[in-house]
Amino acid sequence: MVSDNVKSVTRVFQVLECFEEERRPLSATTIGRALNYPQSSTQALLKTMVNTGYLTYDSQIRGYFPTPKILIKTSWLADTSSSLLDGMEDLRELTGETVTLSSYRNLDMQIVRVALGRHRIVLTPHPGDRLPLFASPIGIAFLADQPDALVERLIRRAQKLAARSSGPTVDRQQIKDAVQLARQRGAAVGYGVEKEGVGAVAAAIHCPVSHASYVLCVGGPDHRIAEHEHEIAATLAHVVEARGDSPQGFLESAVRPGLERLTRRFEAFFDNELRDVGINSKESRVIGLLLVRGPLDAEQIANLTLISGSALDETLASLMSKALLLREQVGYHLTADGRTLASSLSGTLRALRARALGSIDPDQARELQRTLDRLSDWIQSASVEESS
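Criteria and thresholds
- Residues numbered from 1 in each chain as written.
- Predicted model: local features only at pLDDT ≥ 70, side-chain atom pairs only at ≥ 80, totals over all residues.
- Heavy atoms only, no water.
- Helix = DSSP H or I, 4+ residues; strand = E, 2+ residues; numbered from the N terminus.
- Polar contact = N/O pair within 3.5 Å; in protein donor to acceptor, adjacent residues only side chain to side chain.
- Salt bridge = Lys/Arg side-chain N within 4 Å of Asp/Glu carboxyl O.
- Buried < 20%, exposed > 50% of the residue type's maximum accessible area, 1.4 Å probe, protein only.
- pLDDT = per-residue confidence, 0-100.
- Contact = heavy atoms within 4.5 Å.
- Pairing = 2+ DSSP bridges.
- Axes fitted to C-alpha atoms, helices over the stretch in contact; angles between N-to-C directions.
- Expected span 1.5 Å × (residues − 1).
- Arc of directions from axis to C-beta.
- Core = buried A, V, L, I, M, F, W, Y, C linked by side-chain atoms within 4.5 Å.

(A) Spatial organisation of the side chain of Gln146. Considering the arrangement of structural elements, one finds Gln146 in the loop between helix H6 (137-144) and helix H7 (148-165). Reaching out from Gln146, the side chain makes a polar contact with the backbone oxygen of Phe142 at a distance of 3.3 Å.

Listed below in structure tokens is the structure:
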């Protein structure tokens, strides 16, 4: 069951999204009806948002409207999101089709932004729509951008969940073949996969500031996408290169095996180092993640570490009992001892990486550099032990 606190936070963002869609002052009644909230809950929520300075209320028109405080508090995100949003606009103008931006969320992909196409008949998805990770071009594009070790872990996790819930089976080889094909093409392509009569071409893009992985997708009627598939794929590749941080999953096949060997070597080393100080691999994932990302709530930790349920509860409780972790309103964060432990092991890991790399082909060095930098951070939140 969703807690009242989580429900209230969700409703705050839904109110802001309602204003984004309407772009005008709204009454409490209009907001309550649009979001299907009880009248008393709507009034209480809007009053709180006014008291905290995020909404203003005009008694003459009996309407609410967001204040500049929201813009001020989020202005630092402008550089993070502008490239991605500009990339979406570029794609829409060049292809005429609907473009979506999606992110990974717990074995699904979630659409976070939509730019509707310019044709008379277009694809009309909505922000918040979720798509299957293993059965959609958007999901395959995301997987194609990830290390094979992580793809394998996600597949195993999905198989375990399917076995427990009698859900649809996950065919490991079929997924691996689809991922490999997407890497060779530089994009994932699908027709009638999510919806009959719909075609889609998708590729991963990294935010230039946060380096987070997203997926850009061009979608529309299957006959139109099929007719222009190659042009769309080429345009998508150009936009990804121009607007994003270079995707690191589409490495040449000659580079990838060596990178995966390094991954396994680093994982084994880091796991051994942690065992010496009484930290297991699940705890190491949480420690490394919080060192890199800062405070996170339990759902975010579960999504990023692939630890969930009772295993996550036990891991968080264990770290708190060892005085390495604290829980506050902003989420879980490392104590001073936790940061010291994680930083010292991270430094040792980076030193080992420098020794282990050896010589790199100069033509590959620039392409690999960002990958290897991300890899050393990722290792802190990953291990060879399967999440339960």
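(B) Structural context of the pattern of salt bridges. In this structure the tally under the stated criterion is 10 salt bridges. The partner of Glu299 in a salt bridge is Arg105, with the nearest N and O atoms 2.7 Å apart. Linking Glu299 in helix H13 (residues 298-305) with Arg105 in strand S3 (residues 98-105), this pair joins segments that are 194 residues apart in sequence. Since its relative accessible area comes to 27%, Arg105 is described here as partly exposed. Linking Glu152 and Arg172 is a salt bridge whose minimum nitrogen-to-oxygen distance equals 2.8 Å. On the criterion of sequence distance, the pair formed by Glu152 in helix H7 and Arg172 in helix H8 (residues 172-185) is long-range, its members being 20 residues apart. Residue class for Glu152 comes out buried when judged on its relative accessible area of 13%.

(C) Representation of the confidence of the model for the protein within the structure. Averaged over all residues, the pLDDT of the protein is 76; the fraction at 70 or higher stands at 72%. The element-level mean pLDDT for the protein is lowest in helix H16 (residues 362-379), coming to 47, with H6 highest at 94. The low-confidence segment residues 246-267, where pLDDT is below 50, has 60 contacts with residues more than four positions distant or belonging to other chains. Taken as a whole, residues 352-360 scores under 50 in pLDDT and shows 14 contacts with residues more than four places along the chain or in a different chain.

(D) Representation of the sheet that holds strand S5 (residues 130-132). Taken in spatial order, the 6 strands of this open sheet run S5-S4-S3-S8-S7-S6, and their pairing is antiparallel. For this open sheet the edge positions go to S5 and strand S6 (188-191), each flanked by a neighbour on one side alone. The average angle at which neighbouring strand axes cross in this sheet is 30°, direction not considered. Where S3 lies against strand S8 (residues 213-221), 5 bridges are found, and the strand directions are antiparallel. Among the inter-strand pairings, Thr98 is bridged to a residue of S8, identified as Gly219. In the packing of helix H10 (residues 229-243) onto the sheet, contacts are made with S6, strand S7 (198-206) and S8, and the angle to S7 comes to roughly 20°.

(E) Structural context of unusual backbone geometry. One non-glycine residue, Arg23, adopts positive backbone phi at about 55°. Mapping Arg23 onto the fold places it in the loop between helix H1 (4-22) and helix H2 (28-35). Assessed through its relative accessible area of 66%, Arg23 is described here as exposed. For Asn36, which is not glycine, the phi dihedral falls at a positive 60°. Structurally, the position occupied by Asn36 is in the loop between H2 and helix H3 (39-51). The class of Asn36 is exposed, set by a relative accessible area of 69%.

(F) Layout of helix H14 (residues 309-321). With 13 residues, H14 extends 19 Å between its outermost C-alpha atoms, agreeing within 8% with the 18 Å of an ideal straight helix rising 1.5 Å per residue. Taken together, the buried positions of H14 are Ala311, Leu312, Thr315, Leu316, Ser318 and Leu319. The arc enclosing the buried residues of H14, seen along the axis, measures out at 160°, which places them on a common side. Exposed positions of H14 whose direction lies more than 90 degrees from the buried face are Ser310, Asp313, Glu314 and Ser321. Directly beyond the C-terminal end of H14, a positive phi value near 60° is found at Ala323.

(G) Spatial organisation of the pairing of strand S4 (residues 108-115). As defined by bridge partners, S3 adjoins S4 across 7 bridges and the pair is classed as antiparallel. Considered in S4, the bridge of Leu101 is made with Arg113. Adjacent in sequence and paired antiparallel, S3 and S4 are bridged by 2 residues, among which Asn106 carries a positive phi angle near 50°. Bridge count for S4 against S5 is 3 bridges, and the pairing is antiparallel. When the bridges of S5 are listed, Met109 appears paired with Leu131.

(H) Spatial organisation of the nonpolar core. Grouped together as the largest cluster of nonpolar side chains are 27 residues, with contacts concentrated most on Leu133, Phe134, Leu143 and Leu154. Elements with a contribution of two residues or more to this core: S4, H6, H7, H8, S7 and S8. In terms of residue count, the dominant contributor to this core is H6 (6 residues). Core analysis: the next-biggest nonpolar cluster, separate from the first, contains 19 residues, Ile287, Leu289, Ala311 and Leu312 among them.

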